[in-house]
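# Secondary and tertiary structure notes
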Amino acid sequence: MSAWTLGLEASSVIALRSLKIAAGGAGATAETQRMVTEKIGAAVSLQTLAVSGGLGFNPASAASKTLTHYRRKVRANRRRLLRG
């Protein structure tokens, strides 16, 4: 269920970002740079968690904590994009 919810939230973020980028201008440039920076940061922080044991030591724990990690980031972007 968590993966399904993440997929729905990510789809809405993609749509909101696409609209913002399609509008062009400084906002589009800033959003594009922010998107790339956030994606790299999220991947690096997840790798750090994996190496340090922060994701747990079994596949179920790692999957659950990975979904939680990305859902937080996607949810924050969705709230930000809906505000303005």
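Take helix α1 (residues 2-23) next. An ideal rise of 1.5 Å per residue puts 32 Å on 22 residues; α1 measures up with 32 Å between its terminal C-alpha atoms. Burial in α1 covers these residues: T5, L6, E9, V13 and R17. For α1, the buried positions fall inside an angular range of 95° around the axis, keeping them on one side. For α1, exposure combined with an orientation more than 90 degrees from the buried face picks out W4, I14, L19 and A22. Turning to α1, the residues buried within the fold contact α2 (25-52) and α3 (59-83). Positive backbone phi, at 75°, marks G24, one or two positions downstream of α1.

Attention shifts here to a nonpolar patch on the surface. There is a patch of nonpolar side chains on the surface, built from M1, W4 and L8 and spanning about 420 Å² of accessible area. For W4, a relative accessible area of 55% gives the class exposed.

The next subject is α3. Over its 25 residues, α3 runs 36 Å from end to end, which matches the ideal 36 Å to within 8%, given 1.5 Å per residue. For α3, the set of buried residues is S61, H69, R71, V74, N77, R80 and L81. Contacts made by the buried residues of α3 are with α1 and α2. Where α3 begins, the capping side chain belongs to N58, and its oxygen is found 3.2 Å from the backbone nitrogen of A60.

Along the chain, N77 falls in helix α3. A distance of 3.0 Å separates polar atoms of two side chains, one belonging to N77 and the other to R80. Beyond its immediate stretch of four places on either side in the chain, N77 contacts V13, R17, R34 and E38.

With that out of the way, let us pick up the pattern of salt bridges. If you walk through the whole model with that rule in mind, you get 6 salt bridges. Among the ionic pairs, R80 bridges to E31, the shortest N-O distance being 3.0 Å. Taken together, the positions of R80 in helix α3 and E31 in helix α2 put the pair 49 residues apart, joining distant regions of the chain. For R34, the salt bridge goes to E38, with nearest N and O atoms at 2.9 Å. Within this pair, R34 and its partner E38 are both found in helix α2, separated by 4 residues, close to a single helical turn. In this structure E38 comes out as partly exposed when scored by relative accessible area, which is 25%. Salt bridges here are not isolated pairs; linked through shared partners, they connect R17, E31, R34, E38 and R80.

Rules of the game
- Residues numbered from 1 in each chain as written.
- Predicted model: local features only at pLDDT ≥ 70, side-chain atom pairs only at ≥ 80, totals over all residues.
- Heavy atoms only, no water.
- Helix = DSSP H or I, 4+ residues; strand = E, 2+ residues; numbered from the N terminus.
- Expected span 1.5 Å × (residues − 1).
- Buried < 20%, exposed > 50% of the residue type's maximum accessible area, 1.4 Å probe, protein only.
- Arc of directions from axis to C-beta.
- Contact = heavy atoms within 4.5 Å.
- Patch = residues over 30% accessible without salt bridge, like charges linked within 9 Å, V, L, I, M, F, W, Y side chains within 5 Å.
- Areas by Shrake-Rupley, 256 points an atom, 1.4 Å probe, with all protein chains shown as cover.
- Salt bridge = Lys/Arg side-chain N within 4 Å of Asp/Glu carboxyl O.
- Polar contact = N/O pair within 3.5 Å; in protein donor to acceptor, adjacent residues only side chain to side chain.

Nothing here speaks to function; it is all geometry.
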